[in-house]
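Structure at a glance
Read off the chains here:
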Amino acid sequence: MPVGSERNGAGDGRIRVVDYIVEHLGRRGIGHVFGVDGANIEDLYDAAHSSVEITAVVAKHEFSAAAMADAYSRAGAGIGVVAATSGGGALNTIPGLGESFASRVPVLALIGQTPTTTDGLGSFQDTSGLGGALDGEALFAAVAVFCRRVRDPADIVSVLPAALSAAMTIGGPAVLLLPKNVQQALIGPPTEDVTAQSPRRIGDLSEVARLLRDIGGPVTIIAGDQVARDDARAELETLRSVLGARIATVPDAKDVVAAPSAAGVTGVMGHPAIGAALADSAVCLLVGTRLPLMARAGLEASLASLPVASIGSAPPYLPATHADSHDLRAALAQLAALAAEDPANRGRGGDQVTRGELTPPPHVGSGVRYRDAMLALDAVLPHGTDIAVDAGNIGAAAIHWLPARREGRFLVALGMGGMGYSFGAGIGMAMARGRRTVVIAGDGAFFMHGMEIHTALHYRLPVTFVLFDNHAHAMCVTREQLFYGDRYSYNRFGPSRLGAGLAAMFPALPSVDVTDIAELGVAVKAALDVDGPSVVAVECSADEIPPFTAFLNQSADQSTISRNS
């Protein structure tokens, strides 16, 4: 069949499977598909080219494309969609989908496959599971809440809506494996194309309400990222006000409460005030978080001594009275109404606590200090700025010292903690929200996935990349020093000048190096005013210990041993 007739159907109303997919996504209000093109996904890009609703974005790497889709979803623009070709392209999406799976972020992955006519016959990039080939369906099912290999073209009309529903209602990636001949096949016009989302489940709140009613005294709320995904910030604040509660957030939910009313961030990069608040509380209420180990470290004893209530899409990792809810806006409004009816909740709030901060040991040497850098950024980043933070020492510093901007998102991937996530995430968030996004990452993350800066340049996106260059995988250097006696280092890099290097590579990209804290605020302010992407690279030190309690405790233990020896 000629290419033109394939693209436009057969003249009898039939359309290609890929055209149906793109049209269905458009009707759902999805505006972008992120991916990397290739032979076994190119028909999807061809269909997107003819669509007025869908913008197809080509990334430099499939992991980053998955991070774009993940952040697009977290930013509230609808479900994020990632597309990849077969073989290595497909496998490259696994770490990004693993992050979405661990963090319960709804994502749709459209993964191209070799034609079904070659399954099990030794074809290039075969993942059919036949003839000794890798079983793609088994592989992707491990990082998905829904996974289906589409073998009959007609099935797409039911399978695609089912995949989207699973991703949204359960929370996590849905994966469709699409052989090339299935993508190209013609199907009849759907007689019924259901695009309405399944009702989002709200469980019985009575036990949580009863616990809050029966236990008098102060309440501490710990809020999670589901509050942002469900756009339930206002409802959370109403509940906090009714209960007179103190409130804290997990690290990946810094933007769900107004900074002045928050006691800070919980966990290994968190603030001392939360432990004090829990010690003085009668009950702890978890909202939209399972409170994983990174978010509850240091609080275990206090939590074990308190009754804990929970409301969210999954039970927490510690014993609690849990109410299941996939719609926190509605659930929190109901709970606030129930609490407001109870006179026992009037005047039960505790005093606000001083947030405080962790105190790493002083560092002597060259380079900009992490805390100073975060304070400088805080002084110049305007309200409404979105922030995407990467893993590592600089990520810990940003989580601890840099407040989220009012009306801005603050994204950090702690499900799998994949380095380089922030580069794709910043692009996905900028596509979703159309506002200035600031990516905060280290040089280790840059060397993994920093070429997505070119993607931002290609699409002229308002993303400012602030790269902290300590010439190392610095968190690993810190571990070598604290846990292995600093006898060796596998994790230090040679010197680099990322700002100058990127300026040379991409002459249209404003990119500068900063070596002194006095220069940082001026450089970032200028970078924010650029029409399009920009880069500020900051010289810092791999030997500075970040605000990370496991390191600080070990450092304190070593100091005690040294003083007593």
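Not measured: the values here are computed from a predicted model.

Calculation criteria
- Residues numbered from 1 in each chain as written.
- Predicted model: local features only at pLDDT ≥ 70, side-chain atom pairs only at ≥ 80, totals over all residues.
- Heavy atoms only, no water.
- Helix = DSSP H or I, 4+ residues; strand = E, 2+ residues; numbered from the N terminus.
- Rg over C-alpha atoms; globule rule 2.2 N^0.38 Å.
- Buried < 20%, exposed > 50% of the residue type's maximum accessible area, 1.4 Å probe, protein only.
- Contact = heavy atoms within 4.5 Å.
- Areas by Shrake-Rupley, 256 points an atom, 1.4 Å probe, with all protein chains shown as cover.
- pLDDT = per-residue confidence, 0-100.
- UniProt positions renumbered as here; feature names shortened; annotations may be inferred.
- 1 Å grid on protein atoms, 1.4 Å probe; cavity = no way out; pocket = protein on both sides within 12 Å on 5 of 7 lines; lining within 4 Å.
- Points joined across faces, edges and corners; volume = space filled by probe spheres on them.
- Nonpolar A, V, L, I, M, F, W, Y, C, P; charged D, E, K, R; others polar.
- Expected span 1.5 Å × (residues − 1).
- Polar contact = N/O pair within 3.5 Å; in protein donor to acceptor, adjacent residues only side chain to side chain.
- Pairing = 2+ DSSP bridges.
- Axes fitted to C-alpha atoms, helices over the stretch in contact; angles between N-to-C directions.
- Salt bridge = Lys/Arg side-chain N within 4 Å of Asp/Glu carboxyl O.
- Core = buried A, V, L, I, M, F, W, Y, C linked by side-chain atoms within 4.5 Å.
- Right-handed = clockwise from strand over helix to strand, strands pointing away.

Moving on: the overall build of the protein chain. Within the protein chain, the secondary structure is distributed over 25 helices and 20 strands. The C-alpha radius of gyration computed for the protein chain amounts to 25 Å, which stays within 12% of the reference 24 Å derived for 565 residues, consistent with globular compactness. For the C-alpha atoms alone, the extent of the protein chain along its principal axes is close to 80 × 60 × 45 Å. Per-residue burial over the protein chain gives 56% buried out of 565 residues. Pairs at least 24 apart in sequence give 76% of the contacts found in the protein chain among residues at least 6 apart. A total accessible area of about 21,600 Å² is found for the protein chain, and carbon and sulfur atoms account for 55% of it.

Looking at the protein chain, pLDDT values average 92 and 92% of them are 70 or higher. Within the model, the stretch residues 1-6 combines pLDDT values under 50 with 7 contacts to residues more than four positions away or in other chains. Contacts from residues 560-565, a stretch scored under 50 in pLDDT, to residues over four places away or in other chains number 0 contacts.

Next up on the list: the UniProt feature "domain: Thiamine pyrophosphate enzyme TPP-binding" (unreviewed entry) in the protein chain. Per the UniProt record, "domain: Thiamine pyrophosphate enzyme TPP-binding" (unreviewed entry) is annotated on residues 390-538. Here residues 390-538 runs as 44% helix and 17% strand, with 15 Å between its end C-alpha atoms.

Turning our attention to unusual backbone geometry. The backbone of aspartate 231 shows a phi angle near 55 degrees, a positive value even though the residue is not glycine. Within the secondary structure, aspartate 231 sits in the loop between α11 (226-229) and α12 (233-243). A relative accessible area of 45% places aspartate 231 in the partly exposed class. Even without being glycine, aspartate 486 reaches a positive phi, approximately 55 degrees. For aspartate 486, the position within the fold is in the loop between α22 (474-483) and α23 (498-505). Take aspartate 486: its relative accessible area is 44%, and that puts it in the partly exposed class.

In this section: the layout of surface pockets. To find leftover empty space, one rolls a probe the size of a water molecule over the atoms. Its boundaries defined by the atoms lining it, the second largest pocket holds a volume of some 440 Å³. What lines the second largest pocket is a set of 22 residues, and nearest its centre among them are Ala102, Ser103, Asp252, Arg290 and Pro292. Among the secondary structure elements, those contributing two or more residues to the lining of the second largest pocket are α6 (94-103), α11 and α14 (293-296). Tallied by class, the residues present in the lining of the second largest pocket amount to 10 nonpolar, 7 polar and 5 charged.

Turning next to helix α24 (residues 517-528). With 12 residues, α24 should cover 16 Å at 1.5 Å per step; its first-to-last C-alpha distance of 17 Å lies within 8% of that length. Where α24 is concerned, the buried positions are Leu520, Gly521, Ala523, Val524, Ala527 and Leu528. Where the residues of α24 are buried, they touch α17 (370-380), β17 (437-442), β18 (463-469), β19 (511-514) and β20 (534-539). Where α24 begins, the side chain of aspartate 516 points an oxygen toward the backbone nitrogen of alanine 518, at a separation of 2.8 Å.

Spatially, the 6 strands line up as an open sheet ordered β11-β10-β9-β12-β13-β14, and their pairing is parallel. Two strands in the sheet have a free side with no partner beyond their single neighbour: β11 (262-265) and β14 (321-324). With direction set aside, neighbouring strand axes in the sheet form an average angle of 20 degrees. In this sheet, β11 lies alongside strand β10 (residues 246-249) in parallel orientation, the contact comprising 2 bridges. Its bridge partner lying in β11, threonine 249 is registered against valine 265. In this fold helix α10 (residues 206-214) packs onto β12 (283-287), β13 (308-312) and β14, with an angle of close to 140 degrees to the strand it touches most, β14.

Turning to the pattern of salt bridges, a few remarks are in order. Note on pairing: side chains with opposite charge can pair once their charged atoms come close. Using the criterion set out here, one finds 23 salt bridges in the structure. When salt bridges with common partners are traced through the structure, they connect Asp225, Arg229, Arg233, Asp255 and Arg409 into a single cluster.

Core analysis: the largest hydrophobic core is formed by 55 residues, its most contacted members being Phe140, Val175, Ile453, Phe465 and Leu467. Once residues within four sequence positions are removed from consideration, phenylalanine 140 is found in contact with Ala90, Thr93, Ile94, Leu97, Ile111, Cys147, Val175 and Leu177.

Turning our eyes to something else, we now look at the pairing of strand β15 (residues 386-389). The side-chain alternation of β15 yields two buried faces, one formed by Asp386 and Ala388 and the other by Ile387 and Val389. Here β15 pairs with β17 via 4 bridges, running parallel. The residue bridging aspartate 386 from the neighbouring strand is threonine 437, located in β17. With 3 bridges joining them, β15 and strand β16 (residues 410-412) adopt parallel strand pairing. Bridge assignment links isoleucine 387 to a residue of β16, and that residue is phenylalanine 410. Since β15 and β16 lie parallel, the crossover through helix α18 (residues 393-401) that links them has a hand, and here it is right-handed.

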